[in-house]
Amino acid sequence: MSHYKHLTIVEREKLDHFRAEGKSIASIAESLGRSKSTISRELRRNASEGEYIPCKAQAQYQKRREACRPAKRLADPALMAFVCDKLFNHQWSPEQIAGRLRQERGKCVVSCATIYRAIWCGMLDEAAREADPCEGKAKRKLRHRGKKRHRKGAEERRGKIRISNELENRPEDANARSRIGDWEADTVAGIQGGACIVTLNDRKSRYLIARVVPSKSAVPVAEAIIEALRGQPAYTITPDRGKEFALHSKVTEALGVPFYFPKPHQPWQRGTNENSNGLLREYYPKGSSFYAVTNEELQVVVDRLNDRPRKCLGWKTPREVYFNTVLHLT
């Protein structure tokens, strides 16, 4: 590690004073506690026509110092436009943006830390306002907006249902995420007593299927699952213990797919689906009404989520893994 320190303005003034007294470079270096090469290099770089002026020498040093710093990555207009587009228009996270660029280009184009620093220092605020005038700041476009995800001590108040299989009996292939066709299921609620969204995630690919249903009751939820998974590879379904899944036996009878239920108050047992529901909440915040939302409109949002690169997939997208294909997104 180098402990070299640059000359200060005080040292430069002393150097000029010693030169006026006619001292040699060796003598000046000894007086300043510097090496002879430092003094010689200083005079060679900053003297003009044999004249050395300390204030001008300091100004030249500061100019060179500024010029030697590396350029900021996001100073590139094309890269900045790409980052802003994915962040504000497609709701990619900084880590997803950085990871996908690395995956497609074979090198680190910009780090997620650089993008986060740009967000928190306000560099992207103007672009955020252009995307959504109501937001104001770029940090408001981040997924959790700095808020806690769950209220501490919250209790589950939903009713209990009769289950078919405990989660510990689920096949090992499903636990290991080694095949396509093991699904996690849940619902995303709208206004109280209104329409909701049924969500299904493949455990291996994280591929999302979603349907709007008129109410959060067992009959429309079961019908939506049957319609969504008909023709899809399906070996297991893992929902929570909400009453909307009370007719799971009807789904099993129609599709031949068994249900496996985790213990109460353990949402991490269905972490893929919980995460996808949180991503949907970016488009449909709590309290939203789903009465006017069509499945065609919902599919636009689902397609966006299925085309987001995921770190757990090596920065591939769920669609690429589910259909074993390759897309070009950058």
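See above for the structure.
These figures come from a predicted structure and were not determined experimentally. (Residues numbered from 1 in each chain as written. Predicted model: local features only at pLDDT ≥ 70, side-chain atom pairs only at ≥ 80, totals over all residues. Heavy atoms only, no water.)

In this section: the overall build of the chain. Each helix and strand in the chain was counted, giving 14 helices and 4 strands. Its C-alpha atoms give the chain a radius of gyration of 31 Å, more than 25% over the compact-globule value 20 Å for 330 residues. Taking the principal axes of the C-alpha coordinates as reference, the chain spans close to 100 × 45 × 40 Å. Counting across all 330 residues of the chain, residues that qualify as buried make up 41%. (Helix = DSSP H or I, 4+ residues; strand = E, 2+ residues; numbered from the N terminus. Rg over C-alpha atoms; globule rule 2.2 N^0.38 Å. Buried < 20%, exposed > 50% of the residue type's maximum accessible area, 1.4 Å probe, protein only.)

Looking now at unusual backbone geometry. Backbone geometry at Trp315 places phi at a positive 70°, although glycine is not the residue there. Checked against the element boundaries, Trp315 lands in the loop between helix H13 (295–306) and helix H14 (318–323). Residue Trp315 is classed as buried on the basis of its relative accessible area, which comes to 15%. Here Asn324, not a glycine, exhibits a phi torsion of approximately 55°, which is positive. Summarising the element assignment, Asn324 is placed in the segment after H14. Looking at Asn324, the relative accessible area reads 73%, which means it is exposed.

By the definition in use, this model includes 16 salt bridges. Notably, a salt bridge pairs Arg12 with Glu42, separated by 2.8 Å at the nearest N-O pair. Highlighted residues: Arg12 in helix H1 (residues 9–20) and Glu42 in helix H3 (residues 36–46), separated in sequence by 30 residues. Look at Arg12 and you get buried, because its relative accessible area is 2%. (Salt bridge = Lys/Arg side-chain N within 4 Å of Asp/Glu carboxyl O.)

This next bit is on the side chain of Asp186. Among the secondary structure elements, Asp186 is positioned in strand E1 (residues 182–189). Residue classification places Asp186 among the buried positions, given a relative accessible area of 7%. Side chain to side chain, Asp186 and Arg270 meet in a polar contact 3.0 Å long. Aside from chain neighbours lying at most four places away, what touches Asp186 is Ile197, Val198, Thr199, Asp240, Glu244, Phe245, Arg270, Asn273, Glu274 and Asn277. (Polar contact = N/O pair within 3.5 Å; in protein donor to acceptor, adjacent residues only side chain to side chain. Contact = heavy atoms within 4.5 Å.)

The next thing to look at is helix H7 (residues 112–120). Inspection of H7 places Thr114, Ile115, Ala118 and Ile119 among the buried residues, and these make up the whole buried set. Within H7, the buried residues cover an arc of 140° as seen down the axis, which keeps them to one side. Relative to its buried face, H7 has exposed residues pointing more than 90 degrees away, namely Arg117 and Trp120. Downstream of H7 by one or two residues, Gly122 has phi in the positive range, about 90°. (Arc of directions from axis to C-beta.)

Moving on, we get to the packing of aromatic side chains. Under the counting rule described, the total for this entry stands at 6 aromatic pairs. With 5.0 Å between their ring centres and 85° between their planes, Tyr322 and Phe323 make a pair best called edge-to-face. On the basis of relative accessibility, which here comes to 9%, the residue Tyr322 falls in the buried class. The class of Phe323 is partly exposed, set by a relative accessible area of 46%. Through successive ring pairs, a cluster of aromatic residues spans Trp183, Tyr207, Tyr322 and Phe323. (Phe/Tyr/Trp six-rings, centres within 6.5 Å; stacked < 30°, edge-to-face > 60°.)

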